[in-house]
Amino acid sequence: MDSKFVAHLETLHPQLQRLLAMPPISPDQLPSNMPRKGIYLLSEGKLHLYVGRSNDIKSRIGRHCRAGATHRQAAFAFRLAREATGKVKASYKKGEGSRAALMEDTVFLDAFNLAKARIRKMDLRFVDEADPICQALLEIYVAVALATPYNDFDNH
């Protein structure tokens, strides 16, 4: 295996340990001194649900759960709303089943807003990672190691 790639891989487990050692905080009480770039983990108790990465973690967390966040900003909440309403089949064509059409459905919109509120109550952990390659690998590693159910890495 390429030595540069191995060097990246060797950083993953220690970063996972740092992430899990962090006492969880609430997404609506982000500290001012948090790292800008890295990965974040959203959990409910011991159930780890979603891991993401960002070059601006604080802003990204806000977009996941801010009351005014749109379906384009709050992808995790949108996925939770799909699950809650049973509308899990994604459509990338205009019309029924599309994101825009779902947002016009009052039942779905209510589920979306509840999902954002749910995320605001989740436990949040994060770890700094500025290197984009390590950041991408760490997101995948954490998702696989913790079996986060809302990370699928599927192409659209």
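Values in this document were obtained by computation on a predicted structure and should not be read as measured data.

**Observations regarding the packing of helix α2 (residues 12-21) against helix α7 (residues 132-146)**
Point 1. Taken N-terminus to C-terminus, the directions of α2 and α7 make an angle of 65°; their axes are 10 Å apart at the nearest point. Overall, the two elements α2 and α7 adopt an arrangement that is roughly perpendicular. Considering how the two elements wind past one another, α2 and α7 form a crossing that is right-handed. Between α2, through Leu 12, His 13, Gln 15, Leu 16, Leu 19 and Leu 20, and α7, the contact on the second element is made entirely by Cys 134, Leu 137, Leu 138, Tyr 141, Val 142, Ala 145 and Leu 146.
Point 2. Considering only residue class, the contact of α2 with α7 consists of 11 nonpolar, 2 polar and no charged.

**What to know about unusual backbone geometry**
Point 1. Of note, the phi angle at Ala 147 is positive, near 50°, even though the residue is not glycine.
Point 2. Among the secondary structure elements, Ala 147 is positioned in the segment after α7.

**Description of helix α6 (residues 106-120)**
Point 1. An ideal rise of 1.5 Å per residue puts 21 Å on 15 residues; α6 measures up with 21 Å between its terminal C-alpha atoms.
Point 2. Along α6, the residues classified as buried are Phe 108, Ala 111, Phe 112, Ala 115, Lys 116 and Ile 119. Take α6 and look down its axis: the buried residues cluster within an arc of 140°, on one side only. Exposed and oriented more than 90 degrees from the buried face of α6 are Thr 106, Val 107 and Leu 114.

Conventions and cut-offs
Residues numbered from 1 in each chain as written. Predicted model: local features only at pLDDT ≥ 70, side-chain atom pairs only at ≥ 80, totals over all residues. Heavy atoms only, no water. Axes fitted to C-alpha atoms, helices over the stretch in contact; angles between N-to-C directions. Helix = DSSP H or I, 4+ residues; strand = E, 2+ residues; numbered from the N terminus. Parallel < 35°, antiparallel > 145°, perpendicular 65-115°, else oblique. Left-handed = near helix turned anticlockwise from the far one by under 90°. Contact = heavy atoms within 4.5 Å. Nonpolar A, V, L, I, M, F, W, Y, C, P; charged D, E, K, R; others polar. Expected span 1.5 Å × (residues − 1). Buried < 20%, exposed > 50% of the residue type's maximum accessible area, 1.4 Å probe, protein only. Arc of directions from axis to C-beta.

Honestly, it's all geometry; don't read function into it.
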